[in-house]
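Summary of structural features
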Amino acid sequence: MRVRLTYKFANRLDGIDVSHLRVGDAIDLSDSAAALLTAEGRAERVDPDTTHRCMNVLVVDDEPAIQRSLSSFLDHRGFVPFRAGTIEEALKIFGEHDVDAMILDLSLPDSGGFALSGLTLLAYLRSCPEYAELPVMVFTGKILSADEEARIRQYRATLFYKPGPYAALVDFLRSTVHLSAA
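Residues numbered from 1 in each chain as written. Predicted model: local features only at pLDDT ≥ 70, side-chain atom pairs only at ≥ 80, totals over all residues. Heavy atoms only, no water.

**Some details on the side chain of Thr86**
Quick note on the threshold: Going along the chain from the N terminus, every DSSP run of H or I of four or more residues is numbered as a helix, and every run of E of two or more is numbered as a strand. Summary of the burial criterion: residues with accessible area below 20% of their type's maximum are buried, those above 50% are exposed, and those between are partly exposed, where the area comes from a 1.4 Å probe applied to protein chains only. We define a polar contact as two N or O atoms separated by no more than 3.5 Å, with the added condition that, inside protein, one atom must be a possible hydrogen donor and the other a possible acceptor, whereas residues neighbouring each other in sequence contribute only through side-chain atom pairs.
In this fold, Thr86 is placed in the loop between strand 7 (80–84) and helix 3 (87–96). Exposure remark for Thr86: the relative accessible area of 17% places this residue in the buried category. Within the structure, the side chain of Thr86 is placed 3.0 Å from the backbone nitrogen of Glu89, a separation counted as a polar contact.

This is how it looks when you write it as C-alpha cells:
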C-alpha cells in the first residue's frame, strides 16, 4: 500500500531504509504496516493511481466498538479514519491532522461538566472559517426532538440514525467530498 509520511523516521520501516525520506514523501509498505502508520497518524494513505491523498474521516463516538467497526469499514473502502471518543480528543485531532469529513455521535462524555455534546462540537466547528463547510454526518441512536433536528440542519450536517448501514455513510462521503477515496 502506498502512503505519504507525516512523520520523520530515523532508520528502517517495515524492512525498508527510510533514513533518506522526508515528511511528505510517498513510499510503498505492506498493508499491515501502512494501516498501523495511518492509524497512528504517522502516514496518510495515497491513491496509487493518482498519488493524491485519500480522504481523512474523523469518527467521533464514545462507544469503542462503533469507533473500531466504523473505522475498519472506512479503511477497507479507501478512507483514512481517525477516532475520537470525546470532544477534547476530536479537537486534538483537528489540531494535528487535515480532516476532510466527520462522522459525529451526539451523546459524548463531558469530563468538564459543561453539558457539552456532539451539537456543541458541531456549533464550534461551524464558527471556525476553516471548518465552516466541513461535511458532517451526525450518526446517532438517540431519538431527536424537532428542535435538535432543526439545529442539525441549521449547522448544515446530515442526519443518519444508528443502527443504519455504514454503506450509507460511505455513499454520502463519496458524494460530498471530492478527494480520491476509492
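That shown, we press on.
**A word on the environment of Asp61**
Keep this limit in mind: Contact definition: two residues touch when any of their heavy atoms are within 4.5 Å.
By secondary structure assignment, the location of Asp61 is in the loop between strand 6 (56–60) and helix 2 (64–76). Residue classification places Asp61 among the buried residues on the basis of a relative accessible area of 2%. Along the primary structure Asp61 and Leu104 are separated by 43 residues, whereas in three dimensions their C-alpha atoms are 6.4 Å apart. Not counting chain neighbours up to four residues away, the residues in contact with Asp61 comprise Ile66, Gln67, Ala84, Gly85, Asp105, Leu108 and Lys162.

**Description of the sheet that holds strand 1 (residues 2–5)**
The cut-off we apply is this: Any two strands between which DSSP finds at least two bridges are classified as paired. With axes taken as lines fitted to C-alpha atoms, and helix axes fitted only over the stretch in contact, angles between N-to-C directions fall between 0 and 180 degrees.
Spatial ordering of the open sheet is given by 4-1-5, a layout of three strands whose pairing is antiparallel. Strands at the two margins of the open sheet, each flanked by one partner only, are strand 4 (26–28) and strand 5 (43–45). The sheet shows a mean angle of 35° between the axes of neighbouring strands, taken without regard to direction. Where strand 1 lies against strand 5, three bridges are found, and the strand directions are antiparallel. Among the inter-strand pairings, Val3 is bridged to a residue of strand 5, identified as Arg45.

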